[in-house]
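Structural description and commentary
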Amino acid sequence: MNAIAAVDLNWAIGLKNKLLVSIPEDMKFFRETTTGKVVVMGRKTLESFPGGRPLPKRTNIVLTGDPAYTVKGAIIVHDMDELHAELAGYPSEDIYVIGGESVYRQLIGECDVAHITKINYSFEADAWFPNLDEMPEWEITADSEEHTCFDLEYFFLRYERKH
């Protein structure tokens, strides 16, 4: 299983259910990486998308505690057992955890790869990704040269769990 996120210097990922910043190249990387794959998210992440609609050309799986929650074009699961039963039907390498904070925290221990866009800036935030730099079982196995968007510098990093 994979995780994919854009984080700031403090591993922040969002504020008031919105991304911290929209970087076109990061959005393109996300789209190209996850198209044709399975994306796992929480309800609030789904609701933050345009029109609250599932992402096109992907299998959208939404984890929510609300038993009445439904959304056209998405598979709804209500707990980790249901999620694991659903995910059993897909190759692990095709599954991408895309947020938000609580879903990342619940599933990071099952991920082998994390695609992290690290933004060289500290934003005001209320949601964070687990800090992989503080977890000895994770290591950076690939990184990009510095990219810039307006005055923001960022890097595409690949973290892998040590086995």
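The text that follows walks through the structure, step by step, so that each part is easy to find. (Residues numbered from 1 in each chain as written. Predicted model: local features only at pLDDT ≥ 70, side-chain atom pairs only at ≥ 80, totals over all residues. Heavy atoms only, no water.)

Quick word on the packing of aromatic side chains
Operational definition: Working definition: a ring pair exists when centres of Phe, Tyr or Trp rings (six-membered ring for Trp) sit within 6.5 Å. Plane angles under 30 degrees give stacked, over 60 give edge-to-face, the rest tilted.
Under the counting rule described, the total for this entry stands at 6 aromatic pairs. Ring pairs connect the aromatic residues Trp11, Tyr104, Phe129 and Tyr159, which therefore count as one cluster.

What about the pairing of strand β1 (residues 2-7)?
Filter applied, for reference: Only protein chains enter the accessibility calculation, which uses a 1.4 Å probe; a residue is then buried when its area is under 20% of its type maximum, exposed when over 50%, and partly exposed in between. Counting from the N terminus, the helices are the DSSP runs of H or I reaching at least four residues and the strands are the DSSP runs of E reaching at least two. Any two strands are treated as partners once DSSP identifies two or more bridges connecting them.
Of all 6 residues in β1, 5 are buried, a share of seventy percent or more. Pairing analysis gives 2 bridges linking β1 to strand β7 (residues 95-99), with the strands arranged parallel. Counted as the bridge partner of Ala3 is Val97 from β7. One ladder, built from 6 bridges, connects β1 with strand β8 (residues 113-119); its direction is parallel. Opposite Val7, over in β8, you have Lys118 as the bridge partner.

Some points on helix α1 (residues 24-34)
What counts here: By arc we mean the arc of the directions from the helix axis to the C-beta atoms, nothing more. When checking whether two residues touch, look at their non-hydrogen atoms; a contact exists if any pair is within 4.5 Å.
Restricting attention to buried positions, one finds in α1 the residues Asp26, Thr33 and Thr34. Viewed along the axis of α1, the buried residues span an arc of 85°, placing them on a single side of the element. α1 presents Pro24 and Glu32 as exposed residues on the side facing more than 90 degrees away from its buried surface. Where α1 is buried, its residues meet β1, β4 (38-42), β7, β8 and β12 (152-161). Taken from the residues just after α1, Gly36 is the one with a positive phi, measuring 85°.

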